Each structure stands twice: as C-alpha cells, then as structure tokens.
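Close look at the chain arrangement
Here's the letter readout for the chains.
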Amino acid sequence: ISEDVATHEAEMAEGLETQRKLTREVHHRVKNNLQIISSLISLHARSAHEPEAVEAYASIQRRVDALSVVHRNHFAELEENRGVGVRALISELSASLRGTAPAAARRFAIQIESDNLNISQDVAVPIAFLITELVELTMMLAPQGSMHIAVQEEAEGTNRAQLILRSTGLVGSEAMSAHLNDRYGRVLTGLSRQLRSPLVHDGVAGSYAIAISVLP
C-alpha cells in the first residue's frame, strides 16, 4: 500500500509540474502575441499624419496595454491561486495610461486608494477596460486635471467591493454627454453588464461607482 501511495504521489507531482510548464508556455505565447500587436499598432501610428488618426491608434494601444496588464498580473499570482491583486493591477494600469496620454494631458495625475483585495481574471478584464475608458474620457474633458481611483471593501464576508472613480472632468456637462452618446456610453454599459452590476454616475460629484466581486 505504501508503494502504491508513493507511486501515486509521484505521478501527481509529475502531472502538476507538466501542467505548470504548459501554463508558462501559454503565458509566454500570449505575452508575445500581445507584444506583436502592440508593435504593429506603434508602427502604424508612426506613419499616421493626421492628429485624429494618431489619437485613434493611441486609443487602441491603451486597450491592448490594459489587457497586457491584466495578463501579467494574473500570471504573477497564478501559482498561488490568489487571483489578481487589485492594487497592483490599477497601479500598473494607471502608469501605462499616463505614459500614453494625449499631449495635452501629459501632466494628468492619477491617485490610487485601494484595500488589499484580489479579483478573478473574469472581473479584472472588464475593470481594466472600464478604468481605461473613464480615464481616457476624463483626459479629453479635463486634460489638466486629475483622477482619484478607490477600491473599498464592503461589509466583511460579502466578497464585494466598491470601485469609485472621481474627477472634475466627470462632472456632468454638454461635452461629456456628447462623448457618452458618441461612443463611451455604449462601451461603459457593456462593461457594467459584464460585471453584472449597475454603473452609477454622479454628475454633481463627478464620479462613477460600481460594485465588483472580490475573492474571499
């Protein structure tokens, strides 16, 4: 019986190591593919001459970067099965967004206040895109402004938290309504549906808030 148990444990250990190798291989392939896409976008952006085209390429680049940030953070936590760290995800994403900001918003500031929480990749992807959309929108409306991003856990044991983005650029205005009607509104609605929670806009306070699921 002892020999059978030892053999079984050895087979399980070997299978686990094989699985880890396959996971690393998939990670590297995805990372390389995202880098190729990013490089292609950059090449096309450099050949663009119209300001609208340049900004369009930059907008696409931000979304590819957002997906890359989620992927890197997901893999970093994968072996411990801890999910994606919210604070690290938003910090890296914010740095990426500021690095690709339009010329007028080069000094745009992003402050982060987050509890030490973890989320699944299924939640991390729409959150990363949601933050990207709202930061980009704010940079267009108030390029000299700033944004405060907070993630605060709700009552202990609920496995829920509030994601709140606040900026003077998100105060209700005709310009903001025009951008929401043109494109951003539909995207934000789609992302809130993925998160299965309403996205609440306070036009007076200049904030967006949504409840998200966190890991226990």
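Description of the structure in this document. Since the structure is predicted, the reported quantities are computational estimates derived from the model, not experimental observations. (Residues numbered from 1 in each chain as written. Predicted model: local features only at pLDDT ≥ 70, side-chain atom pairs only at ≥ 80, totals over all residues. Heavy atoms only, no water.)

1. Some remarks on the packing of aromatic side chains
Put simply, the test is: Two rings from Phe, Tyr or Trp (for Trp, the six-membered ring) form a pair when their centres sit within 6.5 Å of each other. Planes less than 30 degrees apart are called stacked, planes more than 60 degrees apart edge-to-face, and all others tilted. Criterion for a charge above a ring: Arg CZ or Lys NZ at most 6 Å from the ring centre, at most 35 degrees from the ring normal.
The tally for this structure, following the rule as stated, stands at 0 aromatic pairs. One cation-aromatic arrangement involves Arg183 over Tyr184; the distance from NZ or CZ to the ring centre is 4.3 Å.

2. Comments concerning the pairing of strand β7 (residues 207-213)
Defined as follows: Buried, partly exposed and exposed residues are distinguished by accessible area as a fraction of the type maximum, computed with a 1.4 Å probe on protein chains only: under 20%, between the cut-offs, and over 50%, respectively. Only DSSP runs of H or I reaching four residues or more are called helices, and only runs of E reaching two or more are called strands; each is numbered from the N terminus. Any two strands between which DSSP finds at least two bridges are classified as paired.
Judged by how many residues are buried, β7 sits mostly within the fold: 6 of 7 residues are covered. Pairing geometry for strand β5 (residues 160-166) and β7, over 7 bridges, is antiparallel. In the strand pairing of β7, Ala161 is matched with Ile212. Inspection of the sheet shows strand β6 (residues 200-202) paired to β7 by 3 bridges, in the antiparallel sense. Each bridged residue has a counterpart across the sheet, and for Asp202 the counterpart in β7 is Ser207. Taking the residues that link successive antiparallel strands as the turn, the β6-β7 hairpin has 4 residues, and the phi of Gly206 there is positive, at about 70 degrees.

Read these as layout, nothing more, since geometry by itself doesn't imply function.
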